[in-house]
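Chains, contacts and geometry: an overview
Residues per chain, in single letters:
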Amino acid sequence: MILSLAAAAAMSSGSSSSLNSSSPLDPFDSSTSWSLAEDPSNSSSEPVVRTLTPDLQPATTAVAIQEVSPWDIALCVTGTLISCENALVIAVLFYTPTLRAPMFILIGSLAVADLLAGLGLILNFVFTYLVDSSVEFVTLLSVGLLISAFSASVLNILAITVDRYLSLYNALTYHTERTVTFTYVMVVFIWVSCLTLGLLPALGWNCLKDESTCSICRPVTKNNAVALAVTFLLVFALMMQLYLQICKIAFRHAQQIAVQHQFVAISTTKGVSTLSAILCAFGACWLPFAMYSIVADSSYPVIYTYATVLPATCCSVINPIIYAFRNPDIQKSLWMACCGCVPSNLSLRPRTSSDV
């Protein structure tokens, strides 16, 4: 998605180098060859006068060095951090047999999506500066991976939100209705949908043949970028509605338990604060990029695209902290893997989907 941003930044340096080609010729320049030219005005039988004229040929040994953008370095570093965090989450979930509940399946799917997003950012940097990015296959591969990964990340966050809402709304029947098989079917549906979105540019929905239709993220077309941004806004609105319902249910439960009213009120207030922080972090990361994708196109300055893309990628840095590392079961597995012990202050209460 971000493969062409560095190319636009390097255009200015390319134009300055073209101006230098009009400078006076250096007779000792190895890129200028010289040949003998016959004077056409000399048609007599006198000895032919030959003059040395420069034969201008492009230098074939010159190597263009592309300047590395600090923004691309920041995206690559962010991708590395994302990959390390989520690889740790996946390893903990894979090697801990007790973490097989529907909630942990969704957390694992989110970690896989964010891991692929981090790897996509790293590959984007490699393709931009170490591989010929003018090859269509390279561009489409990078864009497809990033679209699929970030779309899956957003949809998995929505699935976790729905799971939390159902665990509160149907508290008595949740564990019988929400089976592992149902969760796997939902995860497969998410990934099939996101992989289809990632394949669209390779199937012809791109602007490689018509640059005027490009969005801020070449080769995604403006129409496709707007459709993805509007879909994200709908997902965000649905998440806000679900979190609002979760807060209402939590406060209603707190009022119904008169004996533990004070304790529950405190814990409920803390939970609402946590939900608000989660929703604000998600919106702060993705809303600027979504709104900018709707109003801007490829003619806008590249720096604005970088300034909105970088916060969006940081959402995948925050996700493991919010949804995985705060979980006591995952914390216990991490402590056991690192030092073979569990701290006494770590809560051993089983964590449910309704916990935030």
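Rules and cut-offs
Residues numbered from 1 in each chain as written. Predicted model: local features only at pLDDT ≥ 70, side-chain atom pairs only at ≥ 80, totals over all residues. Heavy atoms only, no water. UniProt positions renumbered as here; feature names shortened; annotations may be inferred. Helix = DSSP H or I, 4+ residues; strand = E, 2+ residues; numbered from the N terminus. Contact = heavy atoms within 4.5 Å. Areas by Shrake-Rupley, 256 points an atom, 1.4 Å probe, with all protein chains shown as cover. Phe/Tyr/Trp six-rings, centres within 6.5 Å; stacked < 30°, edge-to-face > 60°. Buried < 20%, exposed > 50% of the residue type's maximum accessible area, 1.4 Å probe, protein only. Expected span 1.5 Å × (residues − 1). Disulfide = S-S within 2.5 Å. Axes fitted to C-alpha atoms, helices over the stretch in contact; angles between N-to-C directions. Parallel < 35°, antiparallel > 145°, perpendicular 65-115°, else oblique. Nonpolar A, V, L, I, M, F, W, Y, C, P; charged D, E, K, R; others polar.

Per an unreviewed UniProt entry, the protein goes by the name G-protein coupled receptor 12-like protein and belongs to Lates japonicus. Heading Subcellular location (unreviewed entry) of the UniProt record for the protein holds this comment: "Cell membrane". For the protein, the Sequence similarities (unreviewed entry) comment in UniProt is given as "Belongs to the G-protein coupled receptor 1 family."

Some remarks on the overall build of the protein
Across its full length, the protein holds eleven helices and two strands. Starting at the N terminus and ending at the C terminus, the protein contains elements arranged as α-α-β-β-α-α-α-α-α-α-α-α-α. Put simply, 74% of the contacts in the protein that link residues at least 6 apart link residues at least 24 apart. For the protein, the exposed area adds up to about 19600 Å²; of that, 68% sits on carbon and sulfur atoms.

A closer look at the packing of aromatic side chains
In this structure the tally under the stated criterion is eleven aromatic pairs. Seen from their ring centres, F94 and Y95 are 5.0 Å apart, and the 90 degrees between their planes marks the pair as edge-to-face. Residue F94 is classed as exposed on the basis of its relative accessible area of 57%. Residue Y95 is classed as exposed on the basis of its relative accessible area, which comes to 66%. Taking 5.8 Å as the distance between ring centres and 45 degrees as the angle between the ring planes, the aromatic pair formed by F232 and W286 counts as tilted. Placement of F232 in helix 8 (residues 222-256) and of W286 in helix 9 (residues 261-295) is noted, with a sequence separation of 54 residues between them. What makes F232 buried here is its relative accessible area of 8%. On the accessibility criterion, W286 (10% relative accessible area) is buried. Members of the aromatic cluster, each reached through a chain of ring pairs, are F150, F232, F236, F282, W286 and F289.

Concerning helix 5 (residues 136-169)
Because each turn of an α-helix spans 3.6 residues, side chains separated by three or four positions end up pointing in the same direction. Between the first and last C-alpha of helix 5 there are 49 Å, a value that for 34 residues agrees with the 50 Å anticipated at 1.5 Å per step. Burial analysis of helix 5 places 26 of its 34 residues in the buried class, which makes it a mostly covered element.

A few points about the state of the cysteines
Throughout the structure, instances matching the rule amount to one disulfide. Sulfur of C315: no disulfide; nearest cysteine sulfur belongs to C285 and is 4.6 Å away. For C315, a relative accessible area of 4% puts it in the buried group.

Looking at helix 4 (residues 102-129)
Taking 1.5 Å per residue, 28 residues should reach 40 Å; helix 4 reaches 41 Å between its end C-alpha atoms and fits that length. Counting buried positions along helix 4 yields 21 of 28 residues, so the element is predominantly enclosed.

Regarding unusual backbone geometry
Of the consecutive residues R218 and P219, the connecting peptide bond is found in the cis state with omega at 10 degrees. Tracing the backbone shows P219 in the loop between helix 7 (180-199) and helix 8.

Here's the deal with the packing of helix 3 (residues 70-95) against helix 11 (residues 328-339)
Between helix 3 and helix 11, the least distance of the axes is 10 Å, while the angle of their chain directions is 90 degrees. With respect to helix 11, the axis of helix 3 lies roughly perpendicular. On helix 11, the residues touching L88, V92 and L93 of helix 3 are I330, S333 and L334. Looking at the contact of helix 3 with helix 11 residue by residue, the classes come out as five nonpolar, one polar and no charged.

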